[in-house]
Amino acid sequence: MSKEVKTYRRLCRPKRGFLFGKSSLWLGRDHLLAVQSRYFSEDYKRFYFKDIQCLVTCKTGTGKTQNMVLGLFGLLFIALGIRVQGVWVWPTICWIATCVMLLLLVINWLRSPTCDCYLKTAVQTEKLPSLCRMRTVKKALGLLEPLIQDVQGSLTEEEMETNLTEGKSQEIDSKGSERSNHPMIWESGRTHRTLFYLLLMSGLITALDMRFSHVTITLLGTFISLGSGICTIMALVRQYESKTPRALRVITWTTLAFVCLEFCFSYVFFFVAAMKNQEVAHNQWEMIKRLAALSPLDSPWLTGLFAFSISLSVLLGAAGLILLRRYQYAYKPSSQPIPVTPGHNPRPLEV
Amino acid sequence: MVHCVKCENPLPWEAFSRADLSPCPSCGALVRVDIFPALFREPDQGRRGETLSADQGASCFYHHNKKAVIPCESCGRFLCALCDVELNDRHICPSCLESGKTQRKITHLENNRVLYDTIVLALAVIPLLMIWPTILTAPASLFLAIRYWNTPTSILPRTKFRFISAISLAGLQIVGWIMIIGFMVTRTRGA
């Protein structure tokens, strides 16, 4: 045990997952150890210094998205703090929530931009989840580079240029075969697009519902929410095992979480309304009419719920459509031919 | 060849080993590539055991027609170049490697470990929220802490703090339950 204690030293701070586990990187005597912890167990992956070919770091927009979401929530709580009157408790809670959101925003902004870092060896390309900020990557590289160079030796600029120039001709020769190994097929353009348009419509209808109380709007909103739920499931099915970009996958999964949350809130709301109006609880149409007649502005909770629903619908819908357009442009058929190999029948690009 | 991690298209070699980020020509993602000499190294060719002629030295334990080049540092069997497995600067035979992996004697081959200390601590702490389950979980936690005290937990630097905390907490809970039961018994008898 005492020998093991001295074996590893930490390379960077661990990155915690959303709910479960954390990933960390440790330096061993002759290898890099990636640890994935899940509460009661740990998984290890070793990358020997002699085998590491390169580290690819790609800047991502996750940090910006986080900042936008935190900012949006901050503004939402400011609006609620101004609007909510009466008992001092609710405004105080709103202002405390605003301060927390703004503090988180500042912390997130002070940490450097987010990135994805991949380590490549001759036989694998592995993501290193703990290297998720540009500053962390730079620090880690500063520690890692001398260790790798001790084992592999260092490349002089001439050597690198020679190798890369030689590699360039091979690269051109092997481009076709490489492409066939990485077919750029990605699914669900149409389903994703429908989903994001539905989300935007849902945001708009909810905003209208806040202003005008009419049964038609309530019914329309309900149908659009149901449609969003169905579309989300369809989009998730279609993106499964496809080359759908990660950002789009994340947006779709976030939409699922949002839709589930919205359904739960609606169910609770309907249940409470049914309890309060027991005389019409057995008549669905009357219940819907009573619900439509309610104004969200009557209760701070309902106002907050509606504001949350509108902001998230619009945010997810707009972000999804922007990403879809961006990737559609990047993978358009003219720039990326779809390879046709015997026995492999790729689905055509739908977008 | 190095590919963009976002669009999986090959990255131009001009982007390699630059301190700043450069855009991927296909998807525009900002990428930094740090390369090392291993990228240009030819893959290692597997060694083949040398065939043994009649008048030459010892033969491999596993391949009788191959010439032994090294003894296994664990069991001492003679090994040919094919059977010689180099791990952590040690030369061992495939069967020692296999037994070392199954018996968890070679740390470098382990890719998963159960954290018994965390389990024991969780068993001592989480039931405290509902109080009543601790009548069962406290002895269980104490038993598991003693049972797995010497079992290696994480291969990362780690102290016995969790085990000690769990034992202390479980001990306190047991003492608490003994006192409550004793009090109830005394009260029943008194009544």
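Shown above is the structure to which this text applies.
Residues numbered from 1 in each chain as written. Chains lettered and ligands numbered in written order. Predicted model: local features only at pLDDT ≥ 70, side-chain atom pairs only at ≥ 80, totals over all residues. Heavy atoms only, no water.

Caption draft 1: Quick look at the nonpolar core. All names here are of chain A. With 25 residues, the main nonpolar core has Phe-196, Phe-258 and Leu-316 as its most contacted residues. Listed by contribution, the elements that provide at least two residues to this core are α2 (62-83), α7 (189-211), α8 (215-239), α9 (246-276) and α11 (300-330). A per-element tally of this core places α11 first, with eight residues. Those residues in contact with Leu-316, other than ones at most four positions away along the chain, are Phe-196, Leu-199, Ile-251, Thr-254, Thr-255 and Phe-258. By size, the runner-up hydrophobic cluster in this structure holds 22 residues, among which are Cys-12, Met-134, Val-137 and Leu-144. (Core = buried A, V, L, I, M, F, W, Y, C linked by side-chain atoms within 4.5 Å. Buried < 20%, exposed > 50% of the residue type's maximum accessible area, 1.4 Å probe, protein only. Helix = DSSP H or I, 4+ residues; strand = E, 2+ residues; numbered from the N terminus. Contact = heavy atoms within 4.5 Å.)

Caption draft 2: Spotlight on the sheet that holds strand β2 (residues 22-27) of chain A. With respect to topology, five strands assemble into an open sheet ordered β1(A)-β2(A)-β3(A)-β4(A)-β7(B), the strand pairing being antiparallel. The strands lining the two open edges of the sheet, one partner per strand, are β1 (9-16) of chain A together with β7 (112-114) of chain B. Strand-to-strand, the axes of this sheet are offset by a mean angle of 20°, without reference to chain direction. In this structure, β2 of chain A lies alongside strand β3 (residues 31-38) of chain A, joined through six bridges in antiparallel fashion. Paired with Trp-26 of chain A across the two strands is Leu-33 of chain A, which belongs to β3 of chain A. Most of the contacts of helix α4 (residues 134-152) of chain A go to β1 of chain A, to which it runs at about 150°, and overall it touches β1, β2 and β3 of chain A. (Pairing = 2+ DSSP bridges. Axes fitted to C-alpha atoms, helices over the stretch in contact; angles between N-to-C directions.)

Caption draft 3: Structural detail: the pattern of salt bridges. All names here are of chain A. Following the criterion strictly, the structure yields nine salt bridges over all chains and no others. For the salt bridge of Glu-126 with Lys-45, the shortest nitrogen-to-oxygen distance reads 2.9 Å. Highlighted residues: Glu-126 in strand β7 (residues 125-127) and Lys-45 in strand β4 (residues 41-48), separated in sequence by 81 residues. According to the relative accessible area criterion, Lys-45 is partly exposed, its value standing at 42%. The partner of Lys-50 in a salt bridge is Asp-51, and the shortest N-O contact between them spans 3.7 Å. With a relative accessible area of 27%, Asp-51 lands in the partly exposed category. (Salt bridge = Lys/Arg side-chain N within 4 Å of Asp/Glu carboxyl O.)

On their own, these measurements won't tell you what the molecule is for.
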